[in-house]
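# Notes for the structure review
One-letter residues, chain by chain:
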Amino acid sequence: MAVHDFEKIFNDKIDNEIKIEPKDWMPDAYRKTLIRQVSQHAHSEIVGMLPEGNWISRAPSLKRKAILIAKVQDEAGHVMLCRTSYGPYARAMVRICKEESFHQRQGFDILYTLSKGTKEQREMCQDAINRWWWPSLMMFGPHDNDSPHTDQSMKWKIKRMTNDELRQRFVDMIAEQVKILRMVLPDPELKWNEERKHYDFGEINWEEFRNVVKGNGPCNKQRLEARNKAWEEGAWVRKAAATYAEKRKKKISKGTLEAA
């Protein structure tokens, strides 16, 4: 078949909500986008374990230690993509959604406990909210009109919601949750918009966002050092795995020849 025939089959699958499987034909750009997102998500999961793991030994109780250990194990076990058109990710989402729901509850439980504690603990809770609110909104990526990949990813159904749509959902949820904590979000422009049925919120500092993306975040140097150290110390594992795979390949090949 000609390339345009394969493209038609691919597009028909996307339009009809049929998942794209690893051995299916797919445009090079679709494959490239998947690889880019897999890399980004894998990186975020690995780096996400570092601060969590750092607190395991300092957690104030056995319960808190167990929760942190479980969370680190979860981060090591997946990457996330929301109802993607790519089959393997879509099937993995069943487990991933459950895990992320647990992670969200764990974070809220920590803040809830602090908010019910001493004056110092309540101040710690508010301080954490103040420091992480804007970086949390940056986490969803640039505005849709500044995102070079969003439009195509939406057409291919790799993404089901845009950056701004996801960010709005997050703001709407947290603006209500923070009331339970009796804390405030550090945004004087935050208010309910009755006409839109959503919360309005202030503008993100996009200069800070771009600076972090370029590798100038507050912990970037330490995170890179940790990843480089892990890569160097894991060289023997990669070598052993490659040697085993080569021996297995030769064994299978020899068995095939003898059977013939």
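In what follows, the accompanying structure is described. (Residues numbered from 1 in each chain as written. Predicted model: local features only at pLDDT ≥ 70, side-chain atom pairs only at ≥ 80, totals over all residues. Heavy atoms only, no water.)

### Side note on the packing of helix 5 (residues 119-138) against helix 7 (residues 163-181)
- Their axes nearest at 11 Å, the elements helix 5 and helix 7 cross at an angle of 165°. Judged by the angle between their axes, helix 5 and helix 7 are roughly antiparallel. Crossing geometry of helix 5 relative to helix 7 is assigned as right-handed. Seen from helix 5, the contacting residues are Ile129, Trp133, Ser136 and Leu137; seen from helix 7, they are Arg167, Phe170, Val171, Ile174, Val178 and Leu181.
- The residue makeup of the contact of helix 5 with helix 7, split by class, is 8 nonpolar, 1 polar and 1 charged. (Axes fitted to C-alpha atoms, helices over the stretch in contact; angles between N-to-C directions. Helix = DSSP H or I, 4+ residues; strand = E, 2+ residues; numbered from the N terminus. Parallel < 35°, antiparallel > 145°, perpendicular 65-115°, else oblique. Left-handed = near helix turned anticlockwise from the far one by under 90°. Contact = heavy atoms within 4.5 Å. Nonpolar A, V, L, I, M, F, W, Y, C, P; charged D, E, K, R; others polar.)

### Re the environment of proline 27
- Counting through the fold element by element, proline 27 comes out in the loop between helix 1 (3-15) and helix 2 (28-56).
- A sequence separation of 41 residues divides proline 27 from leucine 68, and the C-alpha atoms of the two residues are 41 Å apart.
- When sequence neighbours within four positions are dropped, the list of residues in contact with proline 27 reads Phe10 and Trp156.

### Quick look at empty space enclosed by the protein
- For the coordinates displayed, the defined rule picks out 1 cavity of 30 Å³ or more.
- Residue lining of the largest cavity: Lys13, Ile14, Glu17, Ile18, Lys19, Ser85, Lys157 and Arg160, and that is the complete set.
- Looking at the lining of the largest cavity residue by residue, the class counts come to 2 nonpolar, 1 polar and 5 charged. (1 Å grid on protein atoms, 1.4 Å probe; cavity = no way out; pocket = protein on both sides within 12 Å on 5 of 7 lines; lining within 4 Å. Points joined across faces, edges and corners; volume = space filled by probe spheres on them.)

### Quick word on the packing of helix 2 against helix 9 (residues 220-233)
- At a minimum axis distance of 11 Å, the contact between helix 2 and helix 9 shows a crossing angle of 110°. The orientation of helix 2 with respect to helix 9, classified from their angle, is roughly perpendicular. Residue-level inspection shows Ile46, Val47, Leu50 and Pro51 of helix 2 in contact with helix 9, the latter providing Arg223, Ala226 and Arg227.
- Looking at the contact of helix 2 with helix 9, its residues break down into 5 nonpolar, no polar and 2 charged.

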